[in-house]
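Report on the structure
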Amino acid sequence: MYRLFALLCSLALGIAFSQLPEFAQQYRQRLAGAIDELSGMVAQFDRDARGAGLTRDEALAHYRKAADAFLEKRGRDMTNSIARLDRLQAQRRELVDAVGFARLIPVVKGLDTDLARRTLGDFEPAVPMTQEGLGLGAIGLVLGRLVAPLLGLLVGRRPG
């Protein structure tokens, strides 16, 4: 019985780990879409500011000084959108420069929780045909074999 349990743990973790590169790939696609959307929004804001004879910072300062709560909130939202665009662009540059297993690091390190949540919501598993997918699948299998005895102890089963 324990061997079956250990095998199931190994398979479950192997399958889960093998999907990390596919999740990262789908996340990168959403990242590019978010950058495109935010870039357009920020570019329009910059055009509007220039049309009023203002720099971006001056236009944002106008929002901050506004006596109207709605305008103040719009200014905070735009400031947050600009900061998010900068973060996402930096993450994308890291992803473009990374190869192999290193492509997972920028995704984990700079994970945008909103993008990750939406990626997970639409996630479609894929057969891991990349070196990273196969390697992570193997790591998951080994970890599953190592975790099985610990899980067995937690549920009161002894290996053997």
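Computed from a predicted model, the values in this text were never measured in an experiment.

Overview of the pattern of salt bridges
- One pass over the structure, following the stated rule, counts 8 salt bridges.
- With a closest N to O distance of 2.8 Å, R56 and D46 form a salt bridge. Pair noted here: R56 is in helix 3 (residues 56–65) and D46 is in helix 2 (residues 20–51), with a separation of 10 residues, a long-range link.
- Looking at R56, the relative accessible area reads 30%, which means it is partly exposed.
- Assessed through its relative accessible area of 16%, D46 is described here as buried.
- E132 is the salt-bridge partner of R103, the closest N and O atoms lying 3.0 Å from each other.

Observations regarding the nonpolar core
- Grouped together as the largest cluster of nonpolar side chains are 22 residues, with contacts concentrated most on Y27, L31, L88 and L115.
- Beyond its immediate chain neighbours, meaning those up to four positions away, Y27 contacts Q91, V107, G110, L111, D112, L115, A116 and T119.

Side note on the packing of aromatic side chains
- Taken as a whole and assessed by the stated rule, the structure comprises 3 aromatic pairs.
- An angle of 25° between the planes, with centres 6.4 Å apart, marks the rings of F23 and Y27 as stacked. Within this pair, F23 and its partner Y27 are both found in helix 2, separated by 4 residues, close to a single helical turn.
- For the ring pair F45 and Y63, a centre distance of 6.1 Å and an interplane angle of 20° mean the geometry is stacked.

Overview of the packing of helix 1 (residues 2–18) against helix 7 (residues 131–154)
- Relative to each other, helix 1 and helix 7 sit at 145°, their axes nearing to 6 Å. Crossing of helix 1 over helix 7 shows right-handed handedness.
- The residue makeup of the contact of helix 1 with helix 7, split by class, is 15 nonpolar, 8 polar and 1 charged.

Observations regarding the environment of R145
- Of note, R145 is situated in helix 7.
- In the structure, R145 is positioned 138 residues away from L7 in sequence and 7.0 Å away in space, judged by C-alpha atoms.
- Apart from the residues within four sequence positions on either side, R145 is in contact with Y2, A6 and S10.

Quick notes on helix 4 (residues 69–97)
- Between its first and last C-alpha, helix 4 extends 42 Å over 29 residues, near the 42 Å set by a 1.5 Å rise per residue.
- Every buried residue belonging to helix 4 is among G75, M78, S81, I82, R84, L85, L88, Q91 and L95, and all of these are buried.
- Measuring from the side-chain oxygen of the N-cap residue of helix 4 to the backbone nitrogen of F70 gives 2.7 Å; that N-cap residue is D68.

A short note on the side chain of D112
- Take D112: it is sitting in the loop between helix 5 (104–109) and helix 6 (113–121).
- For D112, a relative accessible area of 10% puts it in the buried group.
- Among the polar contacts listed, one links the side chain of D112 to the side chain of R84, at a separation of 3.0 Å.
- With near-sequence residues (within four places) excluded, D112 lies in contact with Y27, R84 and L88.

Concerning a nonpolar patch on the surface
- A contiguous nonpolar surface patch, about 720 Å² in accessible area, is contributed by M1, L4, L7, L8, L11, I15 and L141.
- Here the nonpolar patch takes 5 residues from helix 1, the largest share from any one element.
- In this fold, M1 is placed in the segment before helix 1.

A closer look at the packing of helix 2 against helix 3
- Contact geometry for helix 2 and helix 3: axes closest at 9 Å, N-to-C directions at 90°. The angle between helix 2 and helix 3 places the two elements in the roughly perpendicular class. Facing helix 2, whose interface residues are V42, F45, D46 and A49, helix 3 presents R56, A59, L60 and Y63.
- Looking at the contact of helix 2 with helix 3, its residues break down into 6 nonpolar, no polar and 2 charged.

The rules behind these values
Residues numbered from 1 in each chain as written. Predicted model: local features only at pLDDT ≥ 70, side-chain atom pairs only at ≥ 80, totals over all residues. Heavy atoms only, no water. Salt bridge = Lys/Arg side-chain N within 4 Å of Asp/Glu carboxyl O. Helix = DSSP H or I, 4+ residues; strand = E, 2+ residues; numbered from the N terminus. Buried < 20%, exposed > 50% of the residue type's maximum accessible area, 1.4 Å probe, protein only. Core = buried A, V, L, I, M, F, W, Y, C linked by side-chain atoms within 4.5 Å. Contact = heavy atoms within 4.5 Å. Phe/Tyr/Trp six-rings, centres within 6.5 Å; stacked < 30°, edge-to-face > 60°. Axes fitted to C-alpha atoms, helices over the stretch in contact; angles between N-to-C directions. Left-handed = near helix turned anticlockwise from the far one by under 90°. Nonpolar A, V, L, I, M, F, W, Y, C, P; charged D, E, K, R; others polar. Expected span 1.5 Å × (residues − 1). Polar contact = N/O pair within 3.5 Å; in protein donor to acceptor, adjacent residues only side chain to side chain. Patch = residues over 30% accessible without salt bridge, like charges linked within 9 Å, V, L, I, M, F, W, Y side chains within 5 Å. Areas by Shrake-Rupley, 256 points an atom, 1.4 Å probe, with all protein chains shown as cover. Parallel < 35°, antiparallel > 145°, perpendicular 65-115°, else oblique.

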